[in-house]
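This is what each chain is made of:
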Amino acid sequence: MGEESAGGAVGVGDAVLLAPLTEDTFLHNLQLRYKHDIIYTYAGGAVISVNPCRRLALYSAELARAYVARAPYQLPPHVYAVAATAYRCVRDRRQPQCIVVTGESGSGKTEAARVCLQCAVVAGGGGASAAAGAGVGLTAAGTLLEAFGHAATLRNHNASRFGKLLDVELDFRGDPAGGHVTHYLLEKSRVTGVAEGERNFHVFYQLLAGADPHLLKRLKLQRNAGSYRILRSGSPVWSDAPHTHVAPTTDGDEQHFAFTTAAMRTVGLEGTSGGVLRMLAFILKLGNVEFVPAPHIDGSLAARASNYYEVSEACALVGVDEEALLGVLGAAPPRSRTPPVGSPPLLEEPHHDEGVCGPANGEGAAWAAAARDRLLATLYSRLFVWLVGAVNDHIQPRDLARRPTLAILDMYGLECLERNALEQLVINYAAERVQHIVTGVARREQELYEREGLPWQRIPFADDRQEPLADLLDNGPDSVVGTLRECSARGLPDSAFVQRLGRRRDPRLLPLPPHLFQIQHFGGPITYSASGIVDKNRDGVCARAAAVLRAAREPLLRLLFPDGPSPRRPAALACRQRALLAALSQRLAGGPPPRLVRCLRADAALRPRHFDAHLIRHQIRTQSIMEMVQIRRAGWCEAMCARELVARYIVLKARSARSTSGSPVRVARRLVRALPLPAAEFAYGRTKVFIRSPRTLWELEALRWARVVRLVTVVQRAWRRHRERAHARRQHQAQKTIARAWRRHKAECTQEVSEEHNESCVVKVCTQSITCGNMSQKQQRAHAAAASRRTAWAATTIQYHYVQWLRRRYLTTLWSRLPAHHMSPLCAAWPLCPAPRLLGSLDTLLQRIHHRWRCHKYRLSFDQTARNRMREKVTASILFKDRKQNYPRSVAHPFVGDYVRLRASAAWRRACAVAAPHRPHPDHYVVFADVVGKVTRSNGRVRPALAVVSTSALLLLEARTLRVKRRVPAPDVYRLSLSPFADDVLVVHVRACPGPEMEPDADTGVQWSGGAGGTAGCLFAASGEAGARTGDLVLQTCHVLELATKLFLVVQNAVGAPPHVNIAAEFEANFGQQIVTISFVATGGAVAGSSGSSARLVRRGSRMDVLV
Ligand SMILES: Nc1ncnc2c1ncn2[C@@H]1O[C@H](COP(=O)(O)OP(=O)(O)OP(=O)(O)O)[C@@H](O)[C@H]1O
Ligand SMILES: [Mg+2]
């Protein structure tokens, strides 16, 4: 096997093409692809996914659509391909489909199931908003249930603690119309018992990390998760895992809380979300209640709550009577004189109460603590069940129509923890059942080949000769579940359960008395603890406790403990799981074979880029993956009932060549032979036709689709022809009616003229009687009425068509003359079209819509830089429009800012770096830079200088050496003065607080300051004559409006308030030692000899005249 094929693909995309196909080549192929971040490989129609343990850019809506639109063999292997194939089957054939995702814990099942759902939602929800809404609801349901039903274990930081079967209902277009979640038992014991290094359910941590302080206060909670007993375990193992990007950190919890609350809103729980959060707070706080032994009067020990405030706060949250609650927990409230005698409260299952609801002598505190834990676990699991119900209510389709479903099964993976109890048994039992379903598919496939008489050599499975382990677990009274049920029903102790397990006499079921037993699962042997297993399995609820909670003020709590005795005794835990799994098995065995996604865990510690070949080999062996690949290689990808095949593909034959004589298989064979497909791709059984590769199946579908499209075109053409003919007939009729009416009208006119000439009353009567023959008067009237009706109808028809024609002509002309898209929205050009009076308002309306659309397009083309530029332009307009004469000239020119390319200057950057080596220099960000004229205030002469506006100051530098002449920090600028004329003079008024003089930097020649007088943070400082450093600046530049605008914005950003912009023909300026009046005199033309500027400045004593 080559490392890289000619096409650039790594390894072999479909494992059935491996030559030779052995476990080693299969494993090597997976490893090779994994090394190149290719985690998916086909095994026939199934996909094998190796968990990359890090985010890869493998998923997007476009890609999902591509997989739905194209054949799977045209694209690289992907889980989208399985989802898309299932989706197309549901959409096109209306056949229900199920995607089964398997693998051990942490192999990536939940991720794969999420990707499948995304594919179905993206493929379907493109069009209608209702479909999009259903898709959003389904996704939100996943997020919400993940928060409440997932937790970090030693094997996976996002381990599913419940199994989920999501049914997505697709309507006839393929859009999701709704769905339903079936959940398998939640591992509720986690609520009160978190093993070392693991976490409780995510939602608790999310609530504490993400709730705002007000919410926390309302719920009487503290932010620190360590304050809650039920959240405390050893140090979380995942916090220092190498792939911290997915580890559950506080930051992650905070963010996920936002997702969870958003999901609650999406599934319509905004009204009850407060109640849900109160329930969580109640569980957290009640979990903190500790019990200490308290002596009875008779000397026996009962219990007392040591931190009573936790009870009262918890009870106040949901309105529960705290004394009653403590009473049912067997603990005395502090005010009661005597602790309650531990009378066993009644259970919902009365014959179970011994040993459950009454403390044994001297064990009061432990008993109360156990009762508390039991109550909390029940409360959480009921809350979870209620949540699933609420989600289902929201996502179920609005109507009762029956639609085929696309189901996605994400079951818990086989897991072996340090201490395995009933919960692990229930989880592993479910994993075992799913494994049995998956191998059962392959087994049934082989049986089918044999039954249909195909030449087939059976591929044996490792456990072919044994009874399936899943049956050993649940089939018969002496199975594990059966024994457990019997012990729970008869109230036998745990040791009896362990002893009775030996009755089955199967080496895979090993009792280890008194309190352990071992089961040889498909993934390896797992030892379980039987301590308390019988009691836990009963899953009873203390009736008195239920009554206390039912009386709570919190409506949600009342809902979780409904009134009245339950009509049937609740089934034991393992039996409930058995019923759910039996329904699942039955469903999958009765429908089309499920589509498989086999997930593999590449590394035990979920480290990215680690491929543990031994671990993968173990999974391949134990999950019978090689057998599946071999069956796919030797077998057929699709088995179709011959009758169905004929019904579906008969359209591919010409009508004349269709013959249905003979058995369905013979008809199918004749049909297939006539198609341009290789005959070797098909095999014929007794009742079914088998198709070898998915490619052939796809090509068959493609042929059918092309034919259907052709037929639809023919039907459409025929319908259009019929419609046009009917239309033409009507028009012809109308034309005839008009012609008739017109001729009659003409005849009447002619008649009138002749009457005038021939005094023709008599003639008229005669003529009429001649025209009407011998009609009666009634008939004549009816005739005339019919004629006028026809005339009116004809006129309406003509008018209608005329108006249509006018509209069409107007729209087509308008379309061809519309202004170009790229033209500025300011351009008011609008084509003159033949728009009659009838369309006058439409023309104006369209013009407005078109203008808004062009503005919209224009805005879309704006990036952040363009937006900033526009902001500057708008500011310039606000400041100078109608106030300064040269403003209109500046409008068309963009504000370039850096006219001398200072930002790219090495000397400038060096200077900034030297002045502030470890952080960006405050003047590093240049907003404006240009050579301007600096007016010498003593004589009005103009000298060139480099003016730089940074985000924090205005600088004047020597253009050649970049030596700083003056630096004015932005907060010191308080006013900008300009004249209303078209001159280029700007006066920058500076507060009288000069900075200290500094020596220029030796290397760069730029002078920097870090002194007390400058603005904090090593700014430029002024140099030169002391007098020049103080007072206002007079500048002359051809970009005067740009400079003023940018300075205005910089000051506004730096200070929070803009400087005053003064536009006047005469104002005062501070020239250091003197206040000088600057006066602008319009001379009516450009003044010569003023170094290219349009103004000349003359200083006369305390006046400076600017001749414009
Ligand atoms: N395709 C993938 N891309 C990136 N990361 C993945 C992928 N599949 C799985 N992972 C990572 O591996 C972790 C475990 O995956 P996931 O929770 O889906 O396993 P699981 O099989 O559902 O386990 P469990 O049976 O315990 O629920 C995920 O949280 C995720 O970080
Ligand atoms: Mg999972």
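Residues numbered from 1 in each chain as written. Chains lettered and ligands numbered in written order. Predicted model: local features only at pLDDT ≥ 70, side-chain atom pairs only at ≥ 80, totals over all residues. Heavy atoms only, no water.

The condition is simple: UniProt positions are given in the numbering used here, feature names are shortened, and annotations may be inferred rather than shown by experiment.
An unreviewed UniProt entry lists the protein chain under the name Unconventional myosin-Ib, with Eumeta variegata given as the organism. Its UniProt record gives the protein chain the following Sequence similarities (unreviewed entry) comment, quoted word for word: "Belongs to the TRAFAC class myosin-kinesin ATPase superfamily. Myosin family."

Quick look at the coordination of the magnesium ion (ligand 2)
Our working rule: In this description, a donor is an N, O or S atom within 2.8 Å of the metal centre, a cutoff extended to 3.2 Å for sodium, potassium and calcium. Water is not part of the atom list, which can make sites seem incomplete. The numbering of helices and of strands both runs from the N terminus, where a helix is a DSSP run of H or I of at least 4 residues and a strand a run of E of at least 2. Accessibility here uses a 1.4 Å probe with only protein chains present; expressed as a share of the type maximum, an area under 20% marks a residue as buried, one over 50% as exposed, and anything in between as partly exposed.
Summarising the metal site, the magnesium ion (ligand 2) is bound by the protein donors Thr110 (OG1) and Ser160 (OG), whose distances to it range over 2.0 Å. Of this pair, Thr110 sits in helix H4 (residues 109-124) while Ser160 sits in strand E5 (residues 159-160), and the two are 50 residues apart along the sequence. In terms of burial, Thr110 and Ser160 fall into one category: buried.

Overview of the packing of helix H13 (residues 422-451) against helix H20 (residues 573-590)
What counts, and what does not: All axes are obtained by fitting lines to C-alpha atoms, using only the stretch in contact for helices, and the reported angles, taken between N-to-C directions, cover 0 to 180 degrees. Note that the term roughly parallel is reserved for angles under 35 degrees, roughly antiparallel for angles over 145, roughly perpendicular for angles of 65 to 115, and oblique for everything else. The hand of a helix crossing depends on one turn: near helix anticlockwise from the far one by less than a right angle means left-handed, and clockwise means right-handed. The contact criterion used throughout is that any non-hydrogen atoms of two residues lie within 4.5 Å.
At a minimum axis distance of 11 Å, the contact between H13 and H20 shows a crossing angle of 15 degrees. The angle between H13 and H20 places the two elements in the roughly parallel class. Seen along the crossing, H13 lies across H20 with a hand that is right-handed. Residues Leu422, Val426, Tyr429, Ala430, Arg433, Ile437 and Arg444 of H13 lie in contact with H20, whose contacting residues are Leu573, Ala574, Gln577, Arg578, Leu581, Leu584, Ser585, Leu588 and Ala589.

As for the side chain of His150
To keep things clear, this is the line we draw: As used in this structure description, the phrase polar contact means that two N or O atoms lie within 3.5 Å; if the pair is within protein, one of them must be able to donate a hydrogen and the other to accept it, and residues adjacent in sequence are counted only when both atoms belong to side chains.
You can see His150 is positioned in strand E4 (residues 150-151). Within the structure, His150 has its side chain in polar contact with the side chain of Ser160 (distance 3.4 Å). Not counting residues within four places of it along the chain, the set of residues in contact with His150 comprises Thr110, Leu145, Asn158, Ala159, Ser160, Arg161, Phe162, Phe201 and His202.

Description of the sheet that holds strand E6 (residues 164-170)
Which entries qualify depends on this criterion: Whether two strands pair depends on DSSP finding at least two bridges between them.
Strand order in the open sheet made by the 7 strands is E1-E2-E15-E3-E11-E6-E7, with mixed pairing throughout. Each of the sheet's edge strands pairs with one partner strand only, and the pair in question is strand E1 (40-43) and strand E7 (176-183). Neighbouring strand axes in the sheet, compared pairwise and without regard to direction, differ in orientation by 20 degrees on average. Alignment of strand E3 (residues 97-102) against strand E11 (residues 405-410), held across 5 bridges, turns out to be parallel.

Structural notes on the sheet that holds strand E12 (residues 509-512)
Reading across from one edge, E12-E13-E14 is the order of the 3 strands in this open sheet, with antiparallel pairing throughout. Because the sheet does not close on itself, it has two edges, and the strands there are E12 and strand E14 (524-529). Across this sheet, the average inter-strand angle for adjacent strands is 20 degrees, counted without regard to direction. Looking at chain direction, E12 and strand E13 (residues 516-521) are connected through 4 bridges and run antiparallel. Among the inter-strand pairings, Leu509 is bridged to a residue of E13, identified as Ile519. Across the sheet, helix H16 (residues 494-501) lies against E12 and E13, angled at about 140 degrees from E12, the strand it touches most.

Quick look at the environment of Ala792
Positionally, Ala792 belongs in helix H27 (residues 777-817). Ala792 gets classed as partly exposed once you look at its relative accessible area, which sits at 43%.

Quick look at the environment of Phe257
Topologically, Phe257 is positioned in helix H8 (residues 250-266). With a relative accessible area of 8%, Phe257 lands in the buried category. For Phe257 and Gln206, which are 51 residues apart along the polypeptide, the C-alpha to C-alpha distance reads 4.8 Å.

As for helix H28 (residues 840-860)
Threshold: Here, expected helix span is obtained from the residue count minus one, scaled by 1.5 Å. The arc in question is the one traced by the directions running from the helix axis out to the C-beta atoms.
When the terminal C-alpha atoms of H28 are compared, their 31 Å separation across 21 residues agrees well with the 30 Å that a helix rising 1.5 Å per residue should span. Of the positions making up H28, those classed as buried are Asp843, His850, Arg854 and Cys855. Seen end-on, H28 carries its buried residues on one side only, within an arc spanning 140 degrees. For H28, the exposed residues lying more than 90 degrees away from the buried face are Ser841, Arg848, Arg852, Arg859 and Leu860. If you follow the buried residues of H28, they end up packed against H27.

A few points about the packing of aromatic side chains
Convention followed: Whether two aromatic rings pair depends on their centres lying within 6.5 Å, for rings of Phe, Tyr and Trp, where Trp uses its six-membered ring; planes under 30 degrees apart make the pair stacked, over 60 edge-to-face, and the rest tilted. Counting as a charge over the ring demands two things of the Lys NZ or Arg CZ atom: a distance within 6 Å of the ring centre and an angle within 35 degrees of the ring normal.
A full pass over the atoms with the stated rule returns 15 aromatic pairs. Measuring from centroid to centroid gives 5.6 Å for Tyr449 and Phe690, while their planes differ by 75 degrees, and the two rings are edge-to-face. In this pair, Tyr449 sits in helix H13 while Phe690 sits in strand E18 (residues 688-691), placing the two residues 241 residues apart along the sequence. Comparing Tyr449 with Phe690, the two get one shared label, buried. The interplanar angle of 85 degrees and the centroid separation of 5.5 Å between the aromatic rings of Phe497 and Phe517 together place this pair among those described as edge-to-face. Here Phe517 lies in strand E13 and Phe497 lies in helix H16, a separation of 20 residues in the sequence. Take Phe497: its relative accessible area is 0%, and that puts it in the buried class. An aromatic cluster of at least three residues, connected via ring pairs, comprises Tyr449, Trp456, Trp636 and Phe690. Across the ring face of Tyr205, the terminal group of Arg199 is positioned such that the distance to the ring centre comes to 4.0 Å. The residue whose ring lies beneath Arg443 is Phe461, and the NZ or CZ to ring-centre distance is 4.8 Å.

Let's talk about the site of ligand 1
Using the following cut-off: Proximity is defined per residue: any heavy atom of the residue falling within 4 Å of a molecule or strand makes that residue near it. Classes in brief: Ala, Val, Leu, Ile, Met, Phe, Trp, Tyr, Cys and Pro nonpolar; Asp, Glu, Lys and Arg charged; the others, Gly included, polar.
Near ligand 1 you find 21 residues, and of these Ser105, Gly106, Lys109, Thr110 and Ser160 are the closest. Side-chain polar atom of Tyr59 to a nitrogen atom of ligand 1: 3.0 Å apart, as the coordinates give it. Asn156 places a side-chain nitrogen or oxygen 2.9 Å from an oxygen atom of ligand 1. Mapped onto the shell around ligand 1, the elements with two or more residues apiece are H4 and E5. Top contributing element to the shell around ligand 1 by residue count: H4, with 3 residues. Grouping the constituent residues of the shell around ligand 1 by class yields 5 nonpolar, 11 polar and 5 charged.

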